[in-house]
Amino acid sequence: NEMSTAVSHLISTMQMKKLMSRSIVRQSKFRHVFGQAAKAEQSYDDIRVSKVTWDSSFCAVNPKFLAVIVESSGGGAFLVLPLSKVGRVDKNYPLVIGHSGPVLDIDWCPHNDNILASGSEDTTTMVWQIPDHTPCRPISEPIVVLEGHSKRVGIVKWHPTARNILLTAGSDNLIIIWNVGTGEPLITMDDHPDLIYNVSWNYNGSLFCTTCKDRRLRVCDPRKREVVAERLSPHEGIRPMRAIFTKEGNIFTTGFTRMSQRELGLWDPTNFEEPIALLELDTSNGVLLPFYDPDTSMVYLCGKGDSSIRYFEITEEPPYVHYLSTYSSKEPQRGMGFMPKRGVDVSKCEIARLFKLHERKCEPIIMTVPRKSDLFQDDLYPDTVGPDPALEPEEWLDGRDEDPILISLRDGYVPPKSRELKVSKKNVLDSRPAPRRSLSAVDGSSLPVSTLFLYHLPSEL
């Protein structure tokens, strides 16, 4: 009798556990997201990815082009391919050249898919117009050269909502915000005493956050030219950190514990005392590069040297950062590109596309939510950030803030044709004192008069 009581007690306990486990399974439409590498013929092969030791992603992508920083002798170069140009890349394919030192970071303009900025070891930032057609020879003439840093430029970041505003950060510990349309520096900030690891604008571009070698996470208001919040050691390890703003205004960080475990955190910048969430991951030593999708509140973590991509969902309920799954492969990644949402295939329920750099190729990784219906899934695709700027540079500088202008993906997205750049016939020597040249580092007297114009990006950029 005692035996049967014990057995029934055991069964009811097991049932209760099962019931509890069932009731605490979190409801989320992204629980079953899975990653899949594109077929071999959809990869980009024979690309000599840069071996420079710098923790940037080495890859930038938009709905038209794939750009990859590559090995090159005698200066810095990157490769730009139309997305459709899959397969083996000809070894003589024209590169974008012009920097006299290695290229360290590249970023596509969010408001014009043919404009890209590059930062280099040679202390300059260059802004390039990429033609829709395949060029016959290397592209060597940037639209404008931005000079203001005294050491290498390791970070270039376009403003998310204002036209022509570009942020650069250098190893001189300076952050400079430029109006690319006039080639002029608008704001310079020297609040960082050491190397800046990364910079992330918030959703509307009113603030940006930075991580620094001095182990501080800072929130900066560029128009007030001040640090408005900071936190010492959000991660206690001394290895590099990364931080990105979420759409809600919190800050997601990756870093290392004192014992060199990789760790991620979620912080409220209005109350930096305690983290909203802090999770230990593993003991790998590659810096975790976070890629954030504001439409799904998902973060994809790609460690340099890792062969996996882990993804998480950020929510307002505990534990706030929810592990979803891992895409695993055999090959380690050298870098990673992240497609803006308007470049994904909505007919296949694709919610993200990453571009994984191997030693000699770039491989698309497609993240999909399994659905049976072929209809447009509006719960997966809320209106997303479109290509039109919400503000002119002068409006932003005067203190206005606007959220990005959104578009629907119901009918897919077709990128517009390249827009011609107009050159304003304004002599650079009239508008700037002689030593501050924003066109080029070469002596102006050796240039033909026709070259001494300050380029303007078109008003419709």
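Because the structure is predicted, anything quoted here is derived from the model rather than measured.

J.: Is there a simple way to explain the overall build of the protein in this structure?
T.: For the protein, the helix and strand inventory stands at three helices and 32 strands. Going through the 461 residues of the protein one by one, you find that 53% of them count as buried. In the protein, of all internal contacts separated by at least 6 residues, the share reaching a separation of at least 24 is 53%. When the accessible area of the protein is evaluated, it comes to approximately 21200 Å², of which 51% is carbon and sulfur surface.

J.: What is the right way to look at the environment of V33 in this model?
T.: Inspection of the secondary structure puts V33 in the loop between α1 (2-23) and β1 (34-37). Not counting chain neighbours up to four residues away, the residues in contact with V33 comprise M298, Y311, S325, I351, M367, T368 and V369.

J.: Quick question: what am I supposed to make of the side chain of D105 here?
T.: Mapped onto the elements, D105 comes out in strand β8 (residues 103-108). At 2.9 Å, the side chain of D105 forms a polar contact with the backbone nitrogen of V156. With residues up to four places along the chain from it excluded, the contact list for D105 reads S56, I69, A117, S118, G119, G154, I155 and V156.

J.: Before we go on, may I ask you to explain the pairing of strand β18 (residues 216-221) in this structure?
T.: Walk down a regular strand and you will see the side chains alternate between the two sheet faces. With respect to burial, β18 is a largely interior element, five of its six residues being buried. As paired strands, strand β17 (residues 208-212) and β18 are joined by four bridges and run antiparallel to one another. Bridge assignment links T211 to a residue of β18, and that residue is L217. Hairpin connection, β17 to β18: the antiparallel pair is bridged by three residues, and R215 has positive phi, about 70 degrees. Judged from the six bridges that link them, β18 and strand β19 (residues 226-232) form a sheet pairing that is antiparallel. Residue pairing across strands places R218 opposite E230, the latter belonging to β19.

J.: I would appreciate a short explanation of the UniProt feature "repeat: WD" (unreviewed entry) in the protein in the present structure.
T.: Mapped onto this numbering, the UniProt entry gives "repeat: WD" (unreviewed entry) at residues 96-130 and 146-188. Structurally, residues 96-130 is divided into 0% helix and 63% strand, and its ends, taken at the C-alpha atoms, are 9 Å apart.

J.: Just to check I follow, could you spell out unusual backbone geometry for this structure?
T.: Peptide bonds are mostly trans, and most non-glycine residues show a negative phi. Residues P318 and P319 are joined by a peptide bond in cis, for which omega reads 0 degrees. Unusually for a residue other than glycine, T123 sits at a positive phi of about 80 degrees. Look at R215: it is not a glycine, yet its phi comes out positive at around 70 degrees. With respect to the helices and strands, R215 occurs in the loop between β17 and β18. On the accessibility criterion, R215 (29% relative accessible area) is partly exposed.

Cut-offs and rules
Residues numbered from 1 in each chain as written. Predicted model: local features only at pLDDT ≥ 70, side-chain atom pairs only at ≥ 80, totals over all residues. Heavy atoms only, no water. Helix = DSSP H or I, 4+ residues; strand = E, 2+ residues; numbered from the N terminus. Buried < 20%, exposed > 50% of the residue type's maximum accessible area, 1.4 Å probe, protein only. Contact = heavy atoms within 4.5 Å. Areas by Shrake-Rupley, 256 points an atom, 1.4 Å probe, with all protein chains shown as cover. Polar contact = N/O pair within 3.5 Å; in protein donor to acceptor, adjacent residues only side chain to side chain. Pairing = 2+ DSSP bridges. UniProt positions renumbered as here; feature names shortened; annotations may be inferred.

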